[in-house]
Amino acid sequence: MTMSAFGQSLREYRVRAGMSLSRLSDAVHYSKGYLSNVENGRKAPTAELARACDGVLRARGELIAACHLDVAAARDTNPWQTAELLRRLHAYDAAPGTLASLEATVFELCCQYVCRNPAELRAEAQDWLQHVAALLRRPTGLRAHRSLLVSAGWLALLIGCLEYDLGMRASAEATRVAARQLGEEADHSEIVGWTCEMSAWFALTQGRYPDVIANARAGQAAVSDRSVVVQLIGQEAKALARMGSIADLRSTLDRGRRILDQFPEPSRTEHHFIVDPAKWDFYAMDTYRLAGDDDRAERHAREVIAQGTGSDGVELSPMRIAEAQLTLGVVAARKGELELAVAAGLSALAVPRQSLPSLLMVAGELDSELGRRFPGEPATAEFRDALRALR
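In short, a report on the structure. (Residues numbered from 1 in each chain as written. Predicted model: local features only at pLDDT ≥ 70, side-chain atom pairs only at ≥ 80, totals over all residues. Heavy atoms only, no water.)

**Some points on the overall build of the protein**
In terms of helices and strands, the protein carries 20 helices and 0 strands. Relative to the compact-globule value of 21 Å for 391 residues, the protein shows a C-alpha radius of gyration of 21 Å, a close match. Taken over the C-alpha atoms alone, the protein extends approximately 65 × 50 × 35 Å along its principal axes. When burial is assessed residue by residue, the protein has 58% of its 391 residues classed as buried. In the protein, the proportion of contacts linking residues at least 24 apart, taken out of those at least 6 apart, comes to 71%. Accessible area of the protein: about 16,100 Å², with a carbon and sulfur share of 51%. Of the charged side chains in the protein, 46 are positive and 50 negative; the average position of the first set lies 5 Å away from that of the second. (Helix = DSSP H or I, 4+ residues; strand = E, 2+ residues; numbered from the N terminus. Rg over C-alpha atoms; globule rule 2.2 N^0.38 Å. Buried < 20%, exposed > 50% of the residue type's maximum accessible area, 1.4 Å probe, protein only. Contact = heavy atoms within 4.5 Å. Areas by Shrake-Rupley, 256 points an atom, 1.4 Å probe, with all protein chains shown as cover. Lys, Arg positive; Asp, Glu negative; His and termini not counted. Charge placed at Lys NZ, Arg CZ, Asp CG, Glu CD.)

Have a look at this one:
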């Protein structure tokens, strides 16, 4: 995996614009040598360079987000930790008495994804991997062995998602690969489908949109009778929106909605690997915002907030709500409403449960809109300071 999201994105946008390094250097007032080092990952970009390049190359905040994401990913110093735990787990077979309790525990951990501190939940899930590896010493039958592989696969998916939420790109990818191997060994197409969804999500937040579509479609081919197919279609639609394929994204959204309606409503909608009907407003919100359909984007954003808030005012889906607030901020900025835009943005960045790459991606859009429409305003600087602290 390319470790410099900013460098890769910068090169792609520059080439797409038909701009040489020399011309970009003249436009942003940074040396050609420095820009070359940044593109190749030898130098880290500054936030100021990211904004300058984003404006010149009309990247709609994507280069700003990529810069912040690289800073967060620098914390990822032990990318093979979870993969090593999973390798050890493979060395043992299952004790039959542990299987039912293990499956129940894994299910509950997946339900806690939406609200638990991601670092704490990751640590607990890794503890379960260690605990299972220590318990499973005696060989059992093939059915029990497969059950263990499946439970381990769900744990790996959960841990990989949490690692990516924390900005740990290398760890998340290593864990995703291990999860796919477990899914393939267990002949469990749904786990394999979710690893494709994770690849699509990773590529989306790193600006690799053709890879998003390739992974999303590979996942759809691997599994069609589980709700993961809806999320794969949603990721495909998000990539199409960012590529400007408006007609294609509308037909993709319609297809996803029809398929989602075929599934019964789940009893535990908080389970991270079960797509609930309310999530379609979340997908639609993102795509319509990028398509410039502000009225629909705002309508879906408000629905996301309403569906994600309990009758007592408690946020049941804080990560979705944060991105909905950022969407309202982008719409407000486009309407010239600076104070509303910044207030919505600051509220989103203050949400305690965050998926850092996804949040930074949308926050970068708001940063770009504020910089373009309200340069030099104290409120714009306030949002940028909060964004810098977030990363």
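**Description of empty space enclosed by the protein**
Gaps left between atoms show up when a probe the size of a water molecule is rolled over them. Applying the stated criterion across every chain yields a total of 3 cavities of 30 Å³ or more. Roughly 70 Å³ of volume is contained in the largest cavity. What lines the largest cavity is Ser9, Glu62, Ala65, Ala66, Leu204, Thr205, Gln206, Gly207, Tyr209 and Met361. Of all elements in the fold, only helix 5 (62-73) and helix 11 (189-205) reach the threshold of two or more residues within the lining of the largest cavity. For the lining of the largest cavity, the leading source of residues is helix 5, giving 3 residues. Taken together, the residues that form the lining of the largest cavity break down as 5 nonpolar, 4 polar and 1 charged. (1 Å grid on protein atoms, 1.4 Å probe; cavity = no way out; pocket = protein on both sides within 12 Å on 5 of 7 lines; lining within 4 Å. Points joined across faces, edges and corners; volume = space filled by probe spheres on them. Nonpolar A, V, L, I, M, F, W, Y, C, P; charged D, E, K, R; others polar.)

**What to know about the packing of aromatic side chains**
As enumerated under the stated definition, the model contains 8 aromatic pairs in all. For the ring pair Tyr164 and Trp201, a centre distance of 5.0 Å and an interplane angle of 75° mean the geometry is edge-to-face. Note that Tyr164 is positioned in helix 9 (residues 142-165) and Trp201 in helix 11, a separation of 37 residues in sequence. Exposure class is identical for Tyr164 and Trp201. Each is buried. A connected cluster of aromatic rings, assembled from ring pairs, spans Trp154, Trp194 and Phe273. Sitting over the ring of Tyr13, Arg16 keeps its end group 4.6 Å from the ring centre. Positioned over the ring face of Tyr113 is Arg353, at 4.6 Å from the centre of the ring. (Phe/Tyr/Trp six-rings, centres within 6.5 Å; stacked < 30°, edge-to-face > 60°. Lys NZ or Arg CZ within 6 Å of the ring centre and 35° of its normal.)

**Considerations on the side chain of Arg14**
Inspection of the secondary structure puts Arg14 in helix 1 (residues 5-16). The buried category is assigned to Arg14, whose relative accessible area is 12%. Discounting residues that sit within four places of it in the chain, Arg14 has contacts with Met19, Ser20, Leu21, Leu24, Glu39 and Leu57.

**Considering the packing of helix 2 (residues 21-28) against helix 4 (residues 47-57)**
Contact pair helix 2 / helix 4: the axes reach a minimum separation of 10 Å and the direction vectors enclose 110°. One finds that helix 2 runs roughly perpendicular with respect to helix 4. For the element pair helix 2 and helix 4, the recorded crossing hand is right-handed. Where helix 2 approaches helix 4, its residues Leu24, Ala27 and Val28 are matched on the opposing element by Leu49, Ala52, Cys53, Val56 and Leu57. Grouping the amino acids of the contact of helix 2 with helix 4 by side-chain chemistry returns 8 nonpolar, no polar and no charged. (Axes fitted to C-alpha atoms, helices over the stretch in contact; angles between N-to-C directions. Parallel < 35°, antiparallel > 145°, perpendicular 65-115°, else oblique. Left-handed = near helix turned anticlockwise from the far one by under 90°.)

**Focus: unusual backbone geometry**
A positive phi is found at Arg60, a non-glycine position, where the angle reads about 55°. Tracing the backbone through its elements, the reader meets Arg60 in the loop between helix 4 and helix 5. One non-glycine residue, Asp187, lies in positive phi territory at about 55°. Relative to the helices and strands, Asp187 resides in the loop between helix 10 (169-185) and helix 11. Its relative accessible area of 66% is what places Asp187 among the exposed residues.

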